[in-house]
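For reference, the chains in residue letters:
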Amino acid sequence: MRKFPRISVAIPIYNEEAGLPELHRRVMAVLDTLPGGPHEVVYVDDGSRDSSRAWLESLAQRDGSVKVVALSRNFGHQAAITAALDHVTGDAVVIMDGDLQDTPETIPRFLDQYAQGYEVIYAIRTDRKESWVMRSCYALFYKLIARLADISLPQGAGDFAMLSRRVVKHMRLTPERHRYLRGLRTWVGFRQIGVPVERAARHAGESKYSFRQLLRLAFDGIFSFSVVPLRFVTLIGTGAVAASVFYAVFALCAKWFWGQSPAGFTSLVLAIIFLSGVQLLSLGVIGEYLGRVYEEVKQRPHYVVDRVICQDQLDHDVALAPTRDEIASFLEQGATVARIT
Ligand code: UDP
Ligand code: MG
């Protein structure tokens, strides 16, 4: 591993016009102090509706260290990061948000660990600046997924991380559509370490994640990395069968020994509601997995690139995002992914 790696910073951008100049200034201020350059910054414009895209495009035309990948529409945070990872060329890749909640000044600390031979260095959020309701939701989710997932996902770790080139290569080769990148990153393996980092408040603008989208991401995390919910359904079913057997024995005993059969309209109604509830819940859980299987078999690309703007290939028109197989074969030939788009 090179002592001074060339760094690529991958940043997804969706309607961040208010914070972009400050973001770029701070990222470059950090990169300029680091040996091993020329470093690069890959911005993915995830279908912004404000002036972010125009700003980024003019930046890429002025600044040789910037590459802008403009997507054809809004594909979502995880897809945008995926697009960024498909276009980076550096030895060490930093994934960070574009709202300065992930502070670029942390990059040298990541590099220290990289120099020690770690290939995945992720930030562990020590101090969130969100409301206590959100903070408890996050805490609950991380506890839940730690219990459920097949691999041990580190608690409190977000997407902010530095990855070695080969980790990025292996993440590119994971074909799944519902991408929970911090899970995939853990799944790839190699030497991984967490670094405690304070999560700053948003520099400008508002969070682009609605509560619903956060919930969807949480579901992606759980259902992509665990089959425990399916087992849980089996467990509830077994429990319900056991309960009904006990009740049948009780009813028979009541009739034979005490000469009375238990009456009760209420208990009947309760039992029916309970059991139909269990059935619908089970269908829902199975549906979550089935829906994901359906999404996967369609094999759609994760995103569509409108164009890639960087100084050597201005206004590069792109019809299709690279497929996983294309990327794999190009990587084998030693080419950079940027060239094939
Ligand atoms: N983002 C994106 N596409 C989206 C939503 C968000 O590229 O559909 C970007 C956004 O511009 C930001 C990062 O992803 O750079 C994280 O989003 P946000 O700050 O809204 O998420 P939060 O920090 O609130 O979880
Ligand atoms: Mg944010």
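In what follows, the structure referred to is the one given above.
So, how was this worked out
Residues numbered from 1 in each chain as written. Chains lettered and ligands numbered in written order. Predicted model: local features only at pLDDT ≥ 70, side-chain atom pairs only at ≥ 80, totals over all residues. Heavy atoms only, no water. Near = heavy atom within 4 Å. Polar contact = N/O pair within 3.5 Å; in protein donor to acceptor, adjacent residues only side chain to side chain. Areas by Shrake-Rupley, 256 points an atom, 1.4 Å probe, with all protein chains shown as cover. Helix = DSSP H or I, 4+ residues; strand = E, 2+ residues; numbered from the N terminus. Buried < 20%, exposed > 50% of the residue type's maximum accessible area, 1.4 Å probe, protein only. Donors = N, O, S within 2.8 Å, 3.2 Å for Na, K, Ca; no water. Phe/Tyr/Trp six-rings, centres within 6.5 Å; stacked < 30°, edge-to-face > 60°. Lys NZ or Arg CZ within 6 Å of the ring centre and 35° of its normal. Core = buried A, V, L, I, M, F, W, Y, C linked by side-chain atoms within 4.5 Å. Contact = heavy atoms within 4.5 Å. Patch = residues over 30% accessible without salt bridge, like charges linked within 9 Å, V, L, I, M, F, W, Y side chains within 5 Å. Salt bridge = Lys/Arg side-chain N within 4 Å of Asp/Glu carboxyl O. Axes fitted to C-alpha atoms, helices over the stretch in contact; angles between N-to-C directions. Parallel < 35°, antiparallel > 145°, perpendicular 65-115°, else oblique. Left-handed = near helix turned anticlockwise from the far one by under 90°. Nonpolar A, V, L, I, M, F, W, Y, C, P; charged D, E, K, R; others polar.

**Student:** How should I be thinking about the site of ligand 1 in this particular structure?
**Tutor:** Around ligand 1 lies a shell of 18 residues, among which Glu16, Asp46, Asp99, Ser207 and Lys208 are the nearest. Tyrosine 14 has a polar backbone atom sitting 2.9 Å from an oxygen atom of ligand 1. Side-chain polar atom of arginine 199 to an oxygen atom of ligand 1: 3.0 Å apart, as the coordinates give it. Protein coverage of the free-state accessible area of ligand 1, which is 530 Å², stands at 94%. Of all the secondary structure elements, the ones that give two or more residues to the shell around ligand 1 are β1 (7-13) and α3 (77-87).

**Student:** Help me understand the side chain of histidine 302, please; the structure alone is not making it clear to me.
**Tutor:** Note on placement: histidine 302 falls in the loop between α10 (265-298) and β8 (305-310). Judged by relative accessible area, which is 10%, histidine 302 ranks as buried. One polar contact links the side chain of histidine 302 to the main-chain carbonyl oxygen of proline 175, over a distance of 3.4 Å. A polar atom in the side chain of histidine 302 sits 3.4 Å from the backbone oxygen of glutamate 176.

**Student:** I'm lost on unusual backbone geometry in this one. Help?
**Tutor:** Leaving glycine aside, a negative phi is the common case for residues, and trans is the common case for peptide bonds. Located in the positive-phi region is leucine 100, a residue other than glycine, with phi close to 65°. With respect to the helices and strands, the residue leucine 100 is situated in the loop between β4 (92-95) and α4 (107-115). Looking at leucine 100, the relative accessible area reads 3%, which means it is buried. In this structure, phenylalanine 190 takes a positive phi of about 65° despite not being glycine. Its location among the elements puts phenylalanine 190 in the loop between α7 (181-188) and β7 (192-197).

**Student:** In this structure, what is going on with the coordination of the magnesium ion (ligand 2)? I would like to understand it.
**Tutor:** Ideal donor angles around a metal are set by the shape: a four-donor tetrahedron calls for 109.5 degrees, a six-donor octahedron for 90 or 180 degrees. Around the magnesium ion (ligand 2), the donor atoms from the protein are Asp99 (OD) and Gln101 (OE1), and they sit 1.9 Å away. Accessibility classification places aspartate 99 together with glutamine 101 in one group, the buried group.

**Student:** Whenever I open this one, the packing of aromatic side chains confuses me. Can you help?
**Tutor:** For any two aromatic rings, the description comes down to two numbers: the centre-to-centre distance and the angle of the planes. Overall, the coordinates contain four aromatic pairs when judged by the stated rule. Between the aromatic rings of tyrosine 247 and phenylalanine 250, the centroid separation amounts to 6.1 Å while the plane-to-plane angle is 40°, which identifies the pairing as tilted. One end of the pair, tyrosine 247, and the other, phenylalanine 250, are both in helix α9 (residues 228-258), three residues apart, so they sit about a helical turn from each other. Cluster of aromatic residues (ring-pair linked, three or more members): Phe219, Phe223 and Tyr289. Note that arginine 73 overlies the ring of phenylalanine 75, its terminal NZ or CZ placed 3.9 Å from the centroid.

**Student:** What's the story with the nonpolar core in this structure? I'm lost.
**Tutor:** Across soluble globular proteins, nonpolar side chains have a tendency to be buried as a group. Formed by 41 residues in total, the largest nonpolar core has its most connected members in Leu71 and Leu163. At six residues, the largest contribution of residues to this core is made by α3. In terms of nonpolar packing, the next biggest core, distinct from the first, is built from 34 residues, Met28, Leu31, Leu34 and Met162 among them.

**Student:** Just checking my understanding: could you explain the environment of valine 228 for this structure?
**Tutor:** Examined against the element boundaries, valine 228 turns out to sit in helix α9. Between the alpha carbons of valine 228 and leucine 148 there is a distance of 6.1 Å; along the sequence they are 80 residues apart. Leaving out residues up to four positions away in the same chain, valine 228 has contacts with Leu148 and Tyr289.

**Student:** Whenever I open this one, a nonpolar patch on the surface confuses me. Can you help?
**Tutor:** A contiguous nonpolar patch, built from Val227, Leu230, Ile286, Leu290, Val293, Tyr294 and Val297 and spanning about 640 Å² of accessible area, is present on the exposed surface. Of all the elements, α10 adds the most residues to the nonpolar patch, at five residues. Within the fold, valine 293 resides in helix α10. Taking the relative accessible area as the measure of exposure, valine 293 reaches 48% and is therefore partly exposed.

**Student:** How should I be thinking about the packing of α9 against α10 in this particular structure?
**Tutor:** Contact geometry of α9 with α10 gives a least axis separation of 9 Å together with a crossing angle of 160°. With respect to α10, the element α9 is oriented roughly antiparallel. For the crossing formed where α9 meets α10, the hand is left-handed. Contacts from Val228, Pro229, Leu230, Val233, Ile236, Ala240 and Tyr247 of α9 reach α10 at Ser267, Phe274, Leu275, Val278, Leu281, Ser282, Val285, Ile286 and Tyr289. Class assignment for the residues of the contact of α9 with α10 results in 14 nonpolar, two polar and no charged.

Spatial relationships are all this shows, so hold off on functional conclusions.
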